[in-house]
Structure formats: structure tokens, C-alpha cells
Amino acid sequence: MKGRNKKTSDSGKESAGVAAAGLVEDGMIIGLGTGSTTAYAISEVGKRINEEELDVQAVVTSYQSEMLAIDAGIPLTSLSEHPELDLDIDGADQVDFELNAIKGGGAAHTKEKVVACSSKQFIAVIDESKLSDKLNHSVPVEVLPYSRNLVLQNMQNMGAEPEIRQAVHKDGPVITDNGNLIIDADFDVIENPNNLASELSAIPGIVEHGIFTGMIDEIYMGKKDGTFDKF
Ligand code: 5RP
């Protein structure tokens, strides 16, 4: 999968995650994304709930974030009970300066997009390795297993190099929390993320793609020295 081999800085991830957790206020219903950067935010939110006795509930985006939130002592709720969230904190695989993003490295982007679009404020937490002038990371796409060949063919016709994501520690494909496959599609440099997002959404059998446009309100970018920038 293109773009995943870059050296990442855990101290950058930690400073971004911890800083974003500082936005959580008493009484908020929050969304919690998935991934190693969000994990720092989850841990810090749990710490703040405990130390400051905050009344906060969270909607999670994956089994991974559910387990982390439970471990951190964060009370959970659902979109059924709270269709509108106050704040969503989530990571990204790549972002550009126009706040477009590619997500789905953790195969959780379908629920992540639903939660982001259900929130009044969406904060993306990244380290410096994720920022790029133009998006060129492969695009994770969740597909119904039944439709995989149709989707692969459509993507090849669009000029992409698509691959079904394989599980790292066992033979076979990655299966998402929703029981689907992930196709990682390399479109090289994505000149117009909105156009590509529309084209992908039109392919039958695609559950959701990992292009996020017009959704991020602010990016917290952690740096190796422990500081962070926001933009
Ligand atoms: C999961 C995601 C993650 O937020 C994204 O992959 C970034 O993860 P990390 O913070 O571990 O680099 O989109 O579907």
C-alpha cells in the first residue's frame, strides 16, 4: 500500500493526540476515531474524565477504539442515542493544505466518515509525515466482497492500481468491522479529490472510500519536539 512506509514520529502523534483531547469539555458527546494517533487522544480524554470528573460520553468508530475507550474509562454511547456529536477527533493517512484527507489505513473509514459528518467539529490529529502538498497516498475503499471484481475492474479503467488488502499476520484478506474487504487503490497524484470522490461513490458495491473532503475543521499536527501546529 503506497504511502504507508514513511517514518512516523510517535512523539508527534502523542503531542497531536494529547493537544486535541484538551478540546473536550464537560457535557460533550464526542466521536473517537481509530489509529495510533487517536489512541493518544483516547488515553488523554480518559485521564481528564477521571481527574476532572468530566461528564463526557463517546461514540466509537471501530472495535479497536471501543476497546481503548473502555480501558481508558470513557463512557460509551451511540449515534442512535446521540445523532449529533459536539466534537470528533480522528487521525488521517495523508492531508493537504486545503484540509482534504485520505483515511482508512486502519480499515475503519466508513464509520469514521459517518461519525465525522455527525459532528459539529472534526479535528484531525496527525504527525508531520502525513502532510503533503498534494494527495498521492493510495485510497482505501471498503467494498462488499460480492462486488470486488466489478470494483477492481472499474478502478483499473480509471487508471488506478488496485489491490485487495491482505492481513499481515495471517493468510487472507483484511475483513473490516462491517464484514467487508478493503481495496487500496493507487491513483498517483490526486489533482482533484472531489472529482475522484464522486467517481468512486458512483461505483456499485463500494460501501465507502477514504477520501474526506470538506469535513475537517482543523488539523492538529504534532512535531517530534513535542510541540504542535494547528491550521
Ligand atoms: C483508520 C484511519 C486512521 O486514522 C489512519 O490510518 C491514521 O492512523 P495512525 O494515526 O495510526 O497513523 O483512518 O481507518
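Residues numbered from 1 in each chain as written. Predicted model: local features only at pLDDT ≥ 70, side-chain atom pairs only at ≥ 80, totals over all residues.

For the protein chain, an unreviewed UniProt entry supplies the name Ribose-5-phosphate isomerase A and the organism Methanohalobium evestigatum. In its Sequence similarities (unreviewed entry) section, the UniProt entry covering the protein chain states "Belongs to the ribose 5-phosphate isomerase family." Recorded in UniProt for the protein chain, the comment headed Function (unreviewed entry) runs: "Catalyzes the reversible conversion of ribose-5-phosphate to ribulose 5-phosphate." (UniProt positions renumbered as here; feature names shortened; annotations may be inferred.)

Asks: Help me understand the overall build of the protein chain, please; the structure alone is not making it clear to me.
Replies: Of regular secondary structure, the protein chain possesses six helices and 13 strands. Against the globule reference of 17 Å for 231 residues, the protein chain gives a C-alpha radius of gyration of 17 Å, in line with a compact fold. The dimensions of the protein chain, computed from C-alpha atoms along their principal axes, are 55 × 35 × 35 Å. Evaluated residue by residue, the protein chain yields a buried proportion of 49% over its 231 residues. Of the contacts formed within the protein chain by residues at least 6 apart in sequence, a portion of 77% connects residues at least 24 apart. (Helix = DSSP H or I, 4+ residues; strand = E, 2+ residues; numbered from the N terminus. Rg over C-alpha atoms; globule rule 2.2 N^0.38 Å. Buried ≥ 20, exposed ≤ 12 C-beta atoms within 10 Å, placed from the backbone. Contact = placed C-beta atoms within 7 Å.)

Asks: Help me understand the sheet that holds strand E8 (residues 161-164), please; the structure alone is not making it clear to me.
Replies: Pairing is antiparallel across the open sheet formed by four strands, whose spatial order is E8-E9-E7-E10. Both outer strands of the open sheet, E8 and strand E10 (206-209), are each paired with one neighbouring strand and no more. Each strand axis lies, on average, 25 degrees off the axis of its neighbour in the sheet, ignoring direction. As judged from the four bridges shared by E8 and strand E9 (residues 181-186), these two strands associate in the antiparallel manner. Among the inter-strand pairings, Pro 162 is bridged to a residue of E9, identified as Ala 185. Along the sheet face, helix H4 (residues 109-117) touches strand E7 (139-143) and E10 and points at about 65 degrees away from the line of E10. (Pairing = 2+ DSSP bridges. Axes fitted to C-alpha atoms, helices over the stretch in contact; angles between N-to-C directions.)

Asks: Any chance you could explain the site of the ligand here in plain terms?
Replies: Around the ligand sit 18 residues, and of these Gly 35, Thr 37, Gly 91, Gly 105 and Gly 106 come closest. Counting only elements with at least two residues in the shell around the ligand, the list comes to helix H2 (36-52) and H4. Sort the elements by how many residues they give to the shell around the ligand and H2 lands first, with three residues. By residue class, the composition of the shell around the ligand is three nonpolar, eleven polar and four charged. (Near = placed C-beta within 6 Å. Nonpolar A, V, L, I, M, F, W, Y, C, P; charged D, E, K, R; others polar.)

Asks: Help me understand the packing of H2 against helix H3 (residues 63-72), please; the structure alone is not making it clear to me.
Replies: Put simply, H2 and H3 touch, their axes get as near as 8 Å, and they point 25 degrees apart. What the angle tells us is that H2 and H3 run roughly parallel. Note on packing geometry: the crossing formed by H2 with H3 is right-handed. Here Thr 38, Ala 39, Ile 42, Ser 43, Val 45 and Gly 46 of H2 lie close against H3, whose contacting residues are Ser 65, Leu 68, Ala 69 and Ala 72. In the contact of H2 with H3, the residues fall into six nonpolar, four polar and no charged. (Parallel < 35°, antiparallel > 145°, perpendicular 65-115°, else oblique. Left-handed = near helix turned anticlockwise from the far one by under 90°.)

Asks: Sorry, what's going on with unusual backbone geometry here?
Replies: Negative phi values dominate among residues other than glycine, just as trans dominates among peptide bonds. Positive phi, close to 65 degrees, is recorded for Ala 107, a residue that is not glycine. Summarising the element assignment, Ala 107 is placed in the loop between strand E5 (101-102) and H4. The phi torsion at Asp 188 lies on the positive side, around 60 degrees, for a residue other than glycine. With respect to the helices, strands and loops of the structure, Asp 188 is situated in the loop between E9 and helix H6 (193-201).

Asks: Mind showing me how you'd approach the UniProt feature "active site" (unreviewed entry) in the protein chain here?
Replies: As recorded in UniProt, the sites labelled "active site" (unreviewed entry) are Glu 112. A residue is classified by how many C-beta atoms lie within 10 Å of it, and Glu 112, with 31 of them, is buried. When near neighbours in sequence (up to four residues on either side) are disregarded, Glu 112 contacts Gly 33, Thr 34, Thr 61, Asp 90 and Lys 103.

Asks: It is not clear to me how the pairing of strand E2 (residues 57-60) should be interpreted in this structure. Could you clarify?
Replies: Along any regular strand the residues' side chains alternate between the sheet's two faces. Of the strand pairs in this sheet, strand E1 (residues 29-32) and E2 are connected by four bridges, and their pairing is parallel. Within E2, the residue paired with Gly 31 across the bridge is Val 59.

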